[in-house]
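# A closer look at the structure
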Protein chains: 2
Amino acid sequence: MVCTGFGQALALMAAALDQGGGRSVAMEEYGLTHHLEILDHASFDTPLMGVDDAGARTSDLSDTDAAAVLLTPAHQFPIGVPLSAARRSAALEWARARRAVVIEDDYDGEFRYDARPVGALQSLAPELVAYVGTASKSLAPAVHLAWLAVPPGLLDAVVEAKRLADGFTGVLEQLTLDELIRSGAYDRHVRRSRMRYRRRRDRLVAELAVRSPQVSVTGIAAGLHAVVRLGAGLTASEEEAVCSRAARAGLGIQGLGRFRRRPDPGAAAALVVGYGTPPEHAFAGAVDALCDSLA
Amino acid sequence: MVCTGFGQALALMAAALDQGGGRSVAMEEYGLTHHLEILDHASFDTPLMGVDDAGARTSDLSDTDAAAVLLTPAHQFPIGVPLSAARRSAALEWARARRAVVIEDDYDGEFRYDARPVGALQSLAPELVAYVGTASKSLAPAVHLAWLAVPPGLLDAVVEAKRLADGFTGVLEQLTLDELIRSGAYDRHVRRSRMRYRRRRDRLVAELAVRSPQVSVTGIAAGLHAVVRLGAGLTASEEEAVCSRAARAGLGIQGLGRFRRRPDPGAAAALVVGYGTPPEHAFAGAVDALCDSLA
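Please read these numbers as outputs of a predicted model, since none were measured by experiment. (Residues numbered from 1 in each chain as written. Chains lettered and ligands numbered in written order. Predicted model: local features only at pLDDT ≥ 70, side-chain atom pairs only at ≥ 80, totals over all residues. Heavy atoms only, no water.)

## Points about the overall build of chain A
Secondary structure assignment for chain A yields nine helices and 12 strands. In terms of C-alpha radius of gyration, chain A reaches 19 Å, essentially the compact-globule figure of 19 Å for 295 residues. Over its C-alpha atoms, taken along the principal directions, chain A stretches across nearly 55 × 50 × 30 Å. Taken over 295 residues, chain A has a buried fraction of 51%. Taking the contacts inside chain A whose residues are at least 6 apart along the sequence as the reference set, 70% of them involve residues at least 24 apart. If you sum the accessible surface of chain A, you get close to 12900 Å²; carbon and sulfur atoms cover 54% of it. For chain A, the separation between the mean place of its 31 positive charges and that of its 35 negative charges on side chains is 5 Å. (Helix = DSSP H or I, 4+ residues; strand = E, 2+ residues; numbered from the N terminus. Rg over C-alpha atoms; globule rule 2.2 N^0.38 Å. Buried < 20%, exposed > 50% of the residue type's maximum accessible area, 1.4 Å probe, protein only. Contact = heavy atoms within 4.5 Å. Areas by Shrake-Rupley, 256 points an atom, 1.4 Å probe, with all protein chains shown as cover. Lys, Arg positive; Asp, Glu negative; His and termini not counted. Charge placed at Lys NZ, Arg CZ, Asp CG, Glu CD.)

Laid out in structure tokens, this is it:
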């Protein structure tokens, strides 16, 4: 089903789960506050799973009675790691045993630079996984298009929720994307964008290595953001000072702590640095300003 | 606030009323099943007001504990009468006394053919009335644009509900409508459409008078549909047979009974005949087929 973005997909899934008596959706911490708010607004509990180098700690699921879990398997947001094979299996086993659903947020699946992208969880178990892809990263959020592949048991409820939420998704955008895909222009655009973002990421990593050797970039080479660990014993409570310096230089950068619901002021300090936004001519200057802010 | 259609506006209003503890929205009967379903889905009760030649019977409101009432004051849908001055006042008095809200569905306010349109209720009491206008009739439902003027006390909750439903409304459509309005093209289009629809309505009324003298067209000369009373002692239970004959002739027409939740098989038979849909070259043939179906 076509919808307007991941946010609407999540709201529709919540409405469908609610019809089946669901009251709880497990989420990754770190994650997007916006997704928490959508589930709060739908009166869902949102038990949190920790995230480490292998992605979401799926073992945390056994403590919950969640009707679903929201995962970013290809590229955990914002930590930037893929979900390990063992945890992919564990998530599916949990869903199968609990008759629960995995909501797979493939928010930037088009953009992996170092290796072939891992396949979607959904392809392994379409009866357990609701897959959500979006044109928000590949084209623009303003295009307002995403797509949702729902387990058969939830499809009618999701379609009904969509009908009662806004009837249908913008026809002009859908026809335009259809034309872009059929003509091959979408594919060419994604390839071109992948090269451009890869060069940006490479430049960011290289400049930071030279000018800010105390920091390190973590996460796989993918997507539109990097996690920059500040090092030197700094903790999360000190992230905001760096972000304020960056803001004065015109950069919109957030501390990693902003992506937690349970504050952890003692965690190692890090920044979430998006590199997709600046126009091409301004990118070098933006990296320069970031290095200055880190000095 | 801009949203995607009246349906979304109603869903957002329901979310906002729910935040304030509202559990009930009074509705007109006759009315659109779709609106009932939206409120049902949001777990609202929907007490019904009757409709007569002066519009919704606002006296029915005193029996309810509704947090809001949904009205079509300019042109009751589907009956086609405007809400009388006395009932306009009564609706506002009720809302003021009960701290309730009037949701004004101005679904085809652009199209009145016989007189100057009555002003919006909202302009009389913006603190009590949430006004919804839409481009679904003036341009097309696919444009997916409507606008919502909300009493100040509900604005934050409506904006928050929109943010959590789908973030924002299609930017491409909004920019396009903005350009249409600024250039004067929207105004010219509405004037041209008003003349075209008026001619269609006049033709429909004239043809029916000649070929089906047993029927009568009720409601004011406005909008995109007419209510055709079948006369000759026919009751609502016989509407479906006429609609089936019309369907075999390629016409999508509904019996008035379809717009009731509480069936009233003894009511006088009538059809709700939309005249906006056929392309120009097919309109005369459609009227002809309708007259055949009524024979």
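## What about the sheet that holds strand 7 (residues 129–134) of chain B?
Think of a sheet as strands paired side by side through backbone hydrogen bonds, with each pair either parallel or antiparallel. Residues and elements named next belong to chain B. Strand order across the open sheet formed by eight strands is 1-8-7-6-5-2-3-4, with mixed pairing between neighbours. Of all the strands in the sheet, just strand 1 (2–3) and strand 4 (55–56) have a single pairing partner and so form its edges. Here two bridges tie strand 1 to strand 8 (residues 146–149), and the two strands are oriented antiparallel to one another. Residue pairing in the sheet places Val2 in a bridge with Trp147 of strand 8. (Pairing = 2+ DSSP bridges.)

## Considering the pattern of salt bridges
Summed over the entire model, instances satisfying the criterion amount to 34 salt bridges over all chains. With a shortest N-O distance of 2.7 Å, Arg262 of chain A and Glu29 of chain A are connected by a salt bridge. Taken as a pair, Arg262 of chain A in the loop between strand 11 (254–255) and strand 12 (270–274) and Glu29 of chain A in strand 2 (residues 25–29) lie far apart in primary sequence, 233 residues in all. With relative accessibility at 41%, the residue Arg262 of chain A sits in the partly exposed group. Close ionic contact of Asp292 of chain B with Arg211 of chain B constitutes a salt bridge, the shortest N to O distance being 2.7 Å. Here Asp292 of chain B is found in helix 9 (residues 283–294), whereas its partner Arg211 of chain B is found in helix 7 (residues 185–211), with 81 residues between them in sequence. Judged by its relative accessible area of 45%, Asp292 of chain B is partly exposed. Overall, Arg211 of chain B belongs to the partly exposed group, its relative accessible area being 34%. Because the salt bridges share partners, they merge into one network encompassing Glu29, Arg260 and Arg262 of chain A. (Salt bridge = Lys/Arg side-chain N within 4 Å of Asp/Glu carboxyl O.)

## Notes on the packing of helix 1 (residues 6–19) of chain A against helix 5 (residues 152–165) of chain A
All names here are of chain A. Close contact between helix 1 and helix 5 brings their axes to 8 Å; oriented N to C, the two are set at 120°. Considering the angle they form, helix 1 stands oblique to helix 5. By crossing handedness, the relation of helix 1 to helix 5 is classed as right-handed. Mapping the contact onto sequence places Gln8, Leu12, Met13, Ala15, Ala16 and Leu17 in helix 1 and Leu154, Ala157, Val158, Ala161, Lys162 and Ala165 in helix 5. Here the residues of the contact of helix 1 with helix 5 are counted per class, giving 10 nonpolar, one polar and one charged. (Axes fitted to C-alpha atoms, helices over the stretch in contact; angles between N-to-C directions. Parallel < 35°, antiparallel > 145°, perpendicular 65-115°, else oblique. Left-handed = near helix turned anticlockwise from the far one by under 90°. Nonpolar A, V, L, I, M, F, W, Y, C, P; charged D, E, K, R; others polar.)

## Quick notes on the environment of Thr46 of chain A
Residue and element names in this part refer to chain A. Tracing the backbone shows Thr46 in the loop between helix 2 (33–41) and strand 3 (48–52). With relative accessibility at 6%, the residue Thr46 sits in the buried group. Separated by 221 residues in sequence, Thr46 and Ala267 place their C-alpha atoms 22 Å apart. Setting aside chain neighbours within four positions, we find Thr46 in contact with Val25, Met27, Leu36, Leu39, Asp40 and Arg261. A polar atom in the side chain of Thr46 sits 2.5 Å from the side chain of Arg261. (Polar contact = N/O pair within 3.5 Å; in protein donor to acceptor, adjacent residues only side chain to side chain.)

## Thoughts on the packing of helix 7 of chain B against helix 9 of chain B
Residues and elements named next belong to chain B. Where helix 7 contacts helix 9, the axes come no closer than 10 Å and their chain directions differ by 35°. The element helix 7 and its partner helix 9 pack so that their crossing is right-handed. Counted together, Arg200, Arg203, Leu204, Glu207, Leu208 and Arg211 of helix 7 and Phe283, Ala284, Val287, Asp288, Leu290, Cys291, Asp292 and Leu294 of helix 9 form the full contact between these two elements. For the contact of helix 7 with helix 9, a count of residues per class yields eight nonpolar, no polar and six charged.

## Overview of the pairing of strand 3 (residues 48–52) of chain B
Residues and elements named next belong to chain B. Within strand 3, four of the five residues are buried, which leaves the element mostly enclosed by the surrounding structure. With three bridges connecting them, strand 2 (residues 25–29) and strand 3 associate as parallel partners. Paired with Met27 across the two strands is Leu48, which belongs to strand 3. Pairing geometry for strand 3 and strand 4, over two bridges, is antiparallel. Directly across from Asp52, in strand 4, lies its bridge partner Gly55. Hairpin remark: strand 3 followed by strand 4, antiparallel, with two residues in the connecting loop.

## Quick look at a positive patch on the surface
Residue and element names in this part refer to chain A. On the surface, Arg188, Arg192, Arg196 and Arg199 cluster together to form a positively charged patch. One can find Arg192 in helix 7 (residues 185–211). Taking relative accessible area as the criterion, Arg192 reaches 48% and is therefore assigned partly exposed. (Patch = residues over 30% accessible without salt bridge, like charges linked within 9 Å, V, L, I, M, F, W, Y side chains within 5 Å.)

## Quick notes on the side chain of Thr58 of chain B
For Thr58 of chain B, the position within the fold is in the loop between strand 4 and strand 5 (68–71). Residue Thr58 of chain B is classed as buried on the basis of its relative accessible area of 10%.

## Thoughts on the environment of Gln76 of chain A
All names here are of chain A. Tracing the backbone shows Gln76 in the loop between strand 5 (68–71) and helix 3 (85–98). Judged by relative accessible area, Gln76 falls into the buried class, the value being 0%. Sequence spacing of Gln76 and Ala140 is 64 residues, and the spatial spacing of their C-alpha atoms is 20 Å. Setting aside chain neighbours within four positions, we find Gln76 in contact with Glu28, Tyr30, Val51, Val81 and Tyr107. Looking at Gln76, its side chain comes within polar contact range of the main-chain nitrogen of Ile79, at 2.9 Å.

## Notes on helix 3 (residues 85–98) of chain B
Residues and elements named next belong to chain B. When the terminal C-alpha atoms of helix 3 are compared, their 20 Å separation across 14 residues agrees well with the 20 Å that a helix rising 1.5 Å per residue should span. Buried residues of helix 3: Arg87, Arg88, Ala91, Leu92, Trp94 and Ala95, and no others. Seen from one end, helix 3 has its buried residues packed into an arc of 155°, which puts them on one side. Exposed residues lying more than 90 degrees from the buried face of helix 3 are Ala85, Ala86, Glu93 and Ala97. Each element contacted by the buried residues of helix 3 is listed here: strand 3, strand 4, strand 5, strand 6 (101–106), helix 4 (121–124) and strand 7. Downstream of helix 3 by a residue or two, Arg99 has a phi angle that is positive, lying close to 55°. (Expected span 1.5 Å × (residues − 1). Arc of directions from axis to C-beta.)

In short, the description is geometric, and any link to function would need to be established separately.
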